[in-house]
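# What the coordinates show
Residue strings, one per chain:
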Amino acid sequence: DAKTTQPPSMDCAEGRAANLPCNHSTISGNEYVYWYRQIHSQGPQYIIHGLKNNETNEMASLIITEDRKSSTLILPHATLRDTAVYYCIVRVLNFGNEKLTFGTGTRLTIIP
Amino acid sequence: DSGVTQTPKHLITATGQRVTLRCSPRSGDLSVYWYQQSLDQGLQFLIQYYNGEERAKGNILERFSAQQFPDLHSELNLSSLELGDSALYFCASSVGQGREAFFGQGTRLTVV
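Residues numbered from 1 in each chain as written. Chains lettered and ligands numbered in written order. Predicted model: local features only at pLDDT ≥ 70, side-chain atom pairs only at ≥ 80, totals over all residues. Heavy atoms only, no water.

## Points about the sheet that holds strand S9 (residues 106–111) of chain A
Residues and elements named next belong to chain A.
- If you walk across this open sheet you meet the 5 strands as S1-S9-S8-S3-S4, and the pairing is mixed. A strand with exactly one partner marks an edge of an open sheet, and here the two such strands are strand S1 (9–13) and strand S4 (45–50). This sheet shows a mean twist of 25° between the axes of neighbouring strands, independent of strand direction.
- In this structure, strand S8 (residues 84–92) lies alongside S9, joined through 3 bridges in antiparallel fashion. Note on S9: the bridge partner recorded for Ala84 is Leu108. (Pairing = 2+ DSSP bridges. Helix = DSSP H or I, 4+ residues; strand = E, 2+ residues; numbered from the N terminus. Axes fitted to C-alpha atoms, helices over the stretch in contact; angles between N-to-C directions.)

Written out as structure tokens, the structure is:
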């Protein structure tokens with residue numbers, strides 16, 4: 001699986017959009033970008049994933065650059081409950097190779 | 001609530017002992033994964049089962065073993081416990097084929 005690089009920490013004001021970057025310059029054509037978050041030692045929570053098109057769901061939006069070497073997770077209106085460690089994971093989506101390789105992630109702190 | 005149930009939530013035991021952690025996956029999910037999270041190691045993949053069969057193995061110690069039963073619940077057995085085995089142990093499940101995984105709330109194991 002391709003390696004990812006994320007800033008170790010970020011702050012965002014409550015109510016503003018939180019934009020979390022992820023660099024995956026060695027991504028290959030069949031690798032997806034996944035985002036998970038972990039709120040204070042709870043189990044990681046799936047947020048969103050995508051291949052090359054931008055994706056949106058009820059939690060967040062995922063913007064993937066055209067060359068797929070980087071992506072941004074957007075939380076449109078951050079709340080205090082969004083304070084967590086956010087993990088960007090790149091992996092092939094195939095049967096039998098489904099493990100998630102977590103890096104160190106970005107610790108996002110939402111400021112009141 | 002992810003739908004993945006782990007028991008017990010907390011476990012305190014002595015060095016040299018053996019413990020069993022239990023995981024009930026979401027209804028319909030065939031894949032079960034086990035992860036270990038310690039303070040200095042982050043989230044580490046241990047092992048995956050799919051419909052009762054071992055599918056992938058990570059950095060799982062020989063003192064640890066797991067199995068998935070016909071009703072799809074899984075157990076992680078940890079034996080000859082050492083102080084360094086103290087960690088959060090997470091179970092996750094998915095429908096398989098690389099689909100997103102849903103994590104339980106974890107079992108916090110403390111070895112004294």
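That was the structure; now back to the text.
## Focus: the sheet that holds strand S1 (residues 5–7) of chain B
All names here are of chain B.
- The sheet built from 4 strands is open, its strands ordered S1-S3-S8-S7 with antiparallel pairing. Each edge of the open sheet carries a strand with a single partner, namely S1 and strand S7 (64–68). Direction aside, the axes of adjacent strands within the sheet are offset by 15° on average.
- Two elements, S1 and strand S3 (residues 19–24), share 3 bridges in a ladder whose sense is antiparallel. Bridge assignment links Gln6 to a residue of S3, and that residue is Cys23.

## Notes on unusual backbone geometry
- A cis geometry characterises the amide bond from B:Thr7 onward to B:Pro8, with omega recorded as -10°.
- Locating B:Pro8 in the fold gives a position in the loop between S1 and strand S2 (10–13).
- We note that A:His40 has phi near 35°; this positive angle belongs to a residue other than glycine.
- As for its placement among the helices and strands, A:His40 is situated in the loop between strand S3 (31–38) and S4.
- Even without being a glycine, B:Asn51 presents a positive backbone phi close to 50°.
- Mapped onto the elements of the fold, B:Asn51 is located in the loop between strand S5 (42–50) and strand S6 (53–57).

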